[in-house]
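# Architecture at a glance
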Amino acid sequence: MAGMTQPITTAIAGSLPKPAWLAQPEKLWAPWQLTGEALQQAKADAMRLAVDDQLRAGIGIIGDGEQTRQHFVTTFIEQLAGVDFLQRKTVRIRDRYDAEVPVVVGPVSRPRSVFVEDARRLRLLTGGPIKFTLPGPMTMIDTLYDGHYGSRAKLAWAFAEILNQEATELAAAGVDIVQFDEPAFNVFFDEVRDWGVGTLERAALDLPCKTAVHICYGYGIEANIQWKQGLGAEWRQYEQTFPLLAASRIDQVSLECQNSRVPMELIGLLDGKEVMVGAIDVATNRVESPEEVAATLRKALQWVQPQRLIGCTNCGMVPLPRAVARGKLQALAAGAAIVRAELGWS
Ligand code: ZN
């Protein structure tokens, strides 16, 4: 990896808020404010600001803040062949809410790179380790209507091959960690076992960089908040998935810990993995204190060694006001520094 990685380093899950001149603030999936060359320049400028906010806060692993994406899944799929964005069908997403989605009309393929130019740009902005996010195969198929394959598994395997092509190019562009976002892993447990982890490993096959999977309880939107209220006193969804991931070749696994009802001992199921512990709640504008972050990380250290612990956000921060997200970045880095100092690193 580029640069030295210190124990209890820090990273963001993926997205950061966008500037108002790029997209409407505090809105998920907000449309772009510009078009053409002006939009391309604005996206590049926004990425520089997102990187700058992370570096100034002292975050250890730097991401692009997903400044070039309107949606974490569809912006990738838009560049693929075999999917018709003019046709729309209503499907139930993650068994939770209905959405109008594009239709798979033929064999899917990737005629061109999607994020590789963005990755090259990000690589130029810091000498430290960088992470790039991609949607995972199961979450991709759960955001589409399949009018061709007739099998969720078959379509997921096809997407896994495409993701592997993209990830291979991202690694060649200097990306240190490719992360696959799989919120669907917290919903479809039989499929996770039958082919979910298999397709994830296919997407990560033979990559010369580290690989990660982000599994969350979603952005702080109404449908997710209601879903979480029905999950009971303890959220044990990870209990089914983590043993499968522990046996996989994926290097890093993220989980949601701050203000969640996930029992922290589930980290113990990830023996040997690097663990991204969500120590920042993205469903509230209240900024955590560094001491609160430190308390969450200290608790995690009961189950994971400091060299394998990465302080992280629970999920993406795109819906938050920019000042709030900046405060949370600072709290995350400062909280990790407190725990490092206690352990004799500074
Ligand atoms: Zn997430």
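Residues numbered from 1 in each chain as written. Predicted model: local features only at pLDDT ≥ 70, side-chain atom pairs only at ≥ 80, totals over all residues.

Along its length, the chain carries 10 helices and 10 strands. Radius of gyration (C-alpha) of the chain: 19 Å, near the 20 Å computed for a compact globule of 346 residues. Taking the intrachain contacts of the chain between residues at least 6 apart in sequence as the baseline, contacts between residues at least 24 apart amount to 78%. (Helix = DSSP H or I, 4+ residues; strand = E, 2+ residues; numbered from the N terminus. Rg over C-alpha atoms; globule rule 2.2 N^0.38 Å. Contact = placed C-beta atoms within 7 Å.)

The backbone of Glu26 sits at a positive phi, close to 55°, despite the residue not being glycine. Residue position: Glu26 is located in the loop between strand S1 (9–10) and helix H1 (36–57). Residue Glu26 is classed as partly exposed on the basis of its C-beta count, with 15 C-beta atoms lying within 10 Å. For Glu66, which is not glycine, the phi dihedral falls at a positive 50°. Relative to the helices and strands, Glu66 resides in the loop between H1 and helix H2 (74–77). (Buried ≥ 20, exposed ≤ 12 C-beta atoms within 10 Å, placed from the backbone.)

To continue, consider the sheet that holds strand S4 (residues 131–135). In spatial order, the strands read S1-S10-S9-S8-S7-S6-S4; together these 7 strands make up an open sheet with parallel pairing. Strands with a single pairing partner mark the edges of an open sheet, and in this sheet they are S1 and S4. In terms of strand pairing, S1 meets strand S10 (residues 309–313) through 2 bridges, oriented parallel. Residue pairing for S10: Thr10 is matched across the bridge by Gly311. (Pairing = 2+ DSSP bridges.)

Let us now look at the packing of helix H5 (residues 152–172) against helix H6 (residues 189–203). Contact pair H5 / H6: the axes reach a minimum separation of 7 Å and the direction vectors enclose 20°. Compared by their axis directions, H5 and H6 come out roughly parallel. In terms of crossing hand, the pair formed by H5 and H6 is right-handed. Along its contact with H5, which presents Arg152, Ala153, Ala156, Trp157, Ala160, Glu161, Leu163, Asn164 and Ala167, the element H6 presents Glu191, Trp195, Thr199, Arg202 and Ala203. Looking at the contact of H5 with H6 residue by residue, the class counts come to 8 nonpolar, 2 polar and 4 charged. (Axes fitted to C-alpha atoms, helices over the stretch in contact; angles between N-to-C directions. Parallel < 35°, antiparallel > 145°, perpendicular 65-115°, else oblique. Left-handed = near helix turned anticlockwise from the far one by under 90°. Nonpolar A, V, L, I, M, F, W, Y, C, P; charged D, E, K, R; others polar.)

A word on the sheet that holds strand S2 (residues 81–93). Reading across from one edge, S2-S3-S5 is the order of the 3 strands in this open sheet, with mixed pairing throughout. Unpaired on one side and paired on the other, S2 and strand S5 (145–146) mark the two borders of the sheet. In the sheet, strand S3 (residues 97–109) pairs with S5 via 2 bridges, with the strands oriented parallel. Looking across to S5, one finds that Val104 is bridged to Asp146.

What follows deals with the packing of helix H9 (residues 290–300) against helix H10 (residues 322–342). Taken N-terminus to C-terminus, the directions of H9 and H10 make an angle of 55°; their axes are 7 Å apart at the nearest point. The orientation of H9 with respect to H10, classified from their angle, is oblique. In the crossing of H9 with H10, the sense of the turn from one axis to the other is right-handed. Taken together, the residues of H10 that come into contact with H9 (itself represented by Pro290, Glu291, Val293, Ala294, Leu297 and Arg298) are Ala331, Leu332, Ala334, Gly335, Ala336, Ile338 and Val339. For the contact of H9 with H10, the per-class residue count stands at 10 nonpolar, 1 polar and 2 charged.

Within strand S9 (residues 274–280), 7 of the 7 residues are buried, which leaves the element mostly enclosed by the surrounding structure. Strand direction decides the pairing type here: strand S8 (residues 252–256) and S9, joined by 5 bridges, are parallel. Bridging across to S9, Glu256 finds its partner in Gly278. Where S9 lies against S10, 5 bridges are found, and the strand directions are parallel. What sits directly across from Val277, in S10, is Gly311. A crossover links S9 with its parallel partner S10, the connecting element being H9, and its sense is right-handed. (Right-handed = clockwise from strand over helix to strand, strands pointing away.)

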